[in-house]
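One-letter residues, chain by chain:
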Amino acid sequence: AQKVTQAQTEISVVEKEDVTLDCVYETRDTTYYLFWYKQPPSGELVFLIRRNSFDEQNEISGRYSWNFQKSTSSFNFTITASQVVDSAVYFCALSERHFGNEKLTFGTGTRLTIIP
Amino acid sequence: EAQVTQNPRYLITVTGKKLTVTCSQNMNHEYMSWYRQDPGLGLRQIYYSMNVEVTDKGDVPEGYKVSRKEKRNFPLILESPSPNQTSLYFCASSQAGVAGSPLHFGNGTRLTVT
């Protein structure tokens, strides 16, 4: 069975600090996709990034960066120079596709609080 | 604007009173799905649909029904709600047949069953 572990339940950092959110996954599939979603206090789920299992290049988007390492089954997310608007719950998710079902297996989320 | 629309956003009901949460998407997506979010458990899939008239169970389908009579709509039905169905519900859609296509989520429906 597929599994996603986000061991950090809650993290608090002072504004402008860098913070890394950890994600470890388990899968037997050779082809899979990993995602990060953000859930701000308003409750909606916002797609941040998708990474496929064949692309281990790190990605940077502004203050956000992602580090994908197949050797350790990790897909970590770093926010540089954090801002109060980054306060949210962040979910890591793994996509499995069985018989057409594009199901996402989610981690339990990390609640990030940025202290002004 | 491309979006998934759920209604209502908040719903309080009593045990046993049938309810329906509506979901509609305007992106012509074939694939739609329902998830529930509970503290400490993340999001879990309830039901999914690969196309019109094609639905199947996810990981936690007990106590729920769905239908897919039109491509854009995928309502979630609770025939006899119980307090353990108090949760935050999300509808989602994506392009079928495109591996790794991101799920687009609605804004959520917070359901309380007393």
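Going by the structure above, here's the rest.
Residues numbered from 1 in each chain as written. Chains lettered and ligands numbered in written order. Predicted model: local features only at pLDDT ≥ 70, side-chain atom pairs only at ≥ 80, totals over all residues. Heavy atoms only, no water.

Novice: Tell me about the overall build of chain B, residues and numbers included.
Specialist: Within chain B, the secondary structure is distributed over zero helices and 11 strands. Its C-alpha atoms give chain B a radius of gyration of 13 Å, within 12% of the compact-globule value 13 Å for 114 residues. The buried share among the 114 residues of chain B stands at 50%. In chain B, once contacts between residues fewer than 6 apart in sequence are set aside, the share between residues at least 24 apart is 54%. (Helix = DSSP H or I, 4+ residues; strand = E, 2+ residues; numbered from the N terminus. Rg over C-alpha atoms; globule rule 2.2 N^0.38 Å. Buried < 20%, exposed > 50% of the residue type's maximum accessible area, 1.4 Å probe, protein only. Contact = heavy atoms within 4.5 Å.)

Novice: Before we move on, can you summarise the overall build of chain A with the specific residues and values?
Specialist: When helices and strands are tallied, chain A shows zero helices and 12 strands. Expected size for 116 residues packed as a compact globule is a radius of gyration near 13 Å; at 14 Å, chain A falls within 12% of this value. Every one of the 116 residues in chain A was classed for burial, and the buried ones make up 47%. Within chain A, contacts between residues at least 6 apart in sequence are counted, and of these 54% link residues at least 24 apart. Of the roughly 5,700 Å² of accessible surface on chain A, a fraction of 49% belongs to carbon and sulfur atoms. When the 11 basic and 14 acidic side-chain charges of chain A are each reduced to a single mean position, those positions are 4 Å apart. (Areas by Shrake-Rupley, 256 points an atom, 1.4 Å probe, with all protein chains shown as cover. Lys, Arg positive; Asp, Glu negative; His and termini not counted. Charge placed at Lys NZ, Arg CZ, Asp CG, Glu CD.)

Novice: So what about the pattern of salt bridges? Which residues, and what values?
Specialist: Using the criterion set out here, one finds eight salt bridges over all chains in the structure. In this structure, K65 of chain B engages E79 of chain B in a salt bridge whose closest nitrogen and oxygen atoms are separated by 2.9 Å. Of the two residues, K65 of chain B sits in strand β7 (residues 65-66) while E79 of chain B sits in the loop between β8 (76-78) and β9 (87-94), which places them 14 residues apart along the sequence. Taken together, the salt bridges that share partners define one network made up of R51, D55 and E59 of chain A. (Salt bridge = Lys/Arg side-chain N within 4 Å of Asp/Glu carboxyl O.)

Novice: Before we move on, can you summarise the sheet that holds β8 of chain B with the specific residues and values?
Specialist: Residues and elements named next belong to chain B. Taken in spatial order, the four strands make up an open sheet running β1-β3-β8-β7, and their pairing is antiparallel. Two strands lie at the open edges of the sheet, namely β1 (4-7) and β7, each paired on one side alone. Pairing of β7 with β8 involves two bridges; the strand directions are antiparallel. Along β8, the bridge assignment pairs V66 with L76. (Pairing = 2+ DSSP bridges.)

Novice: Kindly report on the interface of chain B and chain A, identifying the contributing residues and their values.
Specialist: Each partner contributes to the interface: chain B provides 23 residues, whereas chain A provides 21 residues. Between chain B and chain A lies a buried interface of about 1,800 Å² when both sides are counted; carbon and sulfur atoms form 54% of it. Contact with chain A buries area across many residues of chain B, yet L43, G100 and F105 of chain B alone supply 24% of it, more than any other trio. The tally of links from chain B across to chain A stands at one salt bridge. Measuring nitrogen to oxygen at the nearest pair gives 2.8 Å for the salt bridge that ties D59 of chain B to K103 of chain A. At the level of elements, β4 (31-38), β5 (42-51) and β9 of chain B are the ones that each hand at least two residues to the side of chain B that touches chain A. Looking at the side of chain B that touches chain A, the element that brings in the most residues is β5 of chain B, giving five residues. Looking at the side of chain B that touches chain A, its residues break down into 13 nonpolar, eight polar and two charged. (Buried area = accessible area lost by both parts, 1.4 Å probe. Nonpolar A, V, L, I, M, F, W, Y, C, P; charged D, E, K, R; others polar.)

Novice: Before we move on, can you summarise empty space enclosed by the protein with the specific residues and values?
Specialist: If you walk through the whole model with that rule in mind, you get one cavity of 30 Å³ or more. Its boundaries defined by the atoms lining it, the largest cavity holds a volume of some 30 Å³. What lines the largest cavity is F35, S95, E102 and L104 of chain A together with S94, S101 and L103 of chain B. For the lining of the largest cavity, the class distribution of residues is three nonpolar, three polar and one charged. (1 Å grid on protein atoms, 1.4 Å probe; cavity = no way out; pocket = protein on both sides within 12 Å on 5 of 7 lines; lining within 4 Å. Points joined across faces, edges and corners; volume = space filled by probe spheres on them.)

Novice: Can you explain the side chain of T110 of chain A? Please cite residues and give values.
Specialist: Residue and element names in this part refer to chain A. Inspection of the secondary structure puts T110 in strand β12 (residues 110-115). For T110, a relative accessible area of 0% gives the class buried. Polar contacts involving the side chain of T110 include one to the main-chain carbonyl oxygen of Q8, which spans 2.6 Å. The contact partners of T110, leaving out residues within four places of it in the chain, are Q6, Q8, T9, I11, L21, A88, V89 and Y90. (Polar contact = N/O pair within 3.5 Å; in protein donor to acceptor, adjacent residues only side chain to side chain.)

Novice: With reference to specific residues and values, describe unusual backbone geometry.
Specialist: The phi torsion of most residues other than glycine is negative, and most of the peptide bonds are trans. Residue and element names in this part refer to chain B. Note the cis peptide between N7 and P8, where omega equals -5°. Following the sequence through the fold, P8 ends up in the loop between β1 and β2 (10-13). The backbone of E53 shows a phi angle near 65°, a positive value even though the residue is not glycine. For E53, the position within the fold is in the loop between β5 and β6 (54-57).

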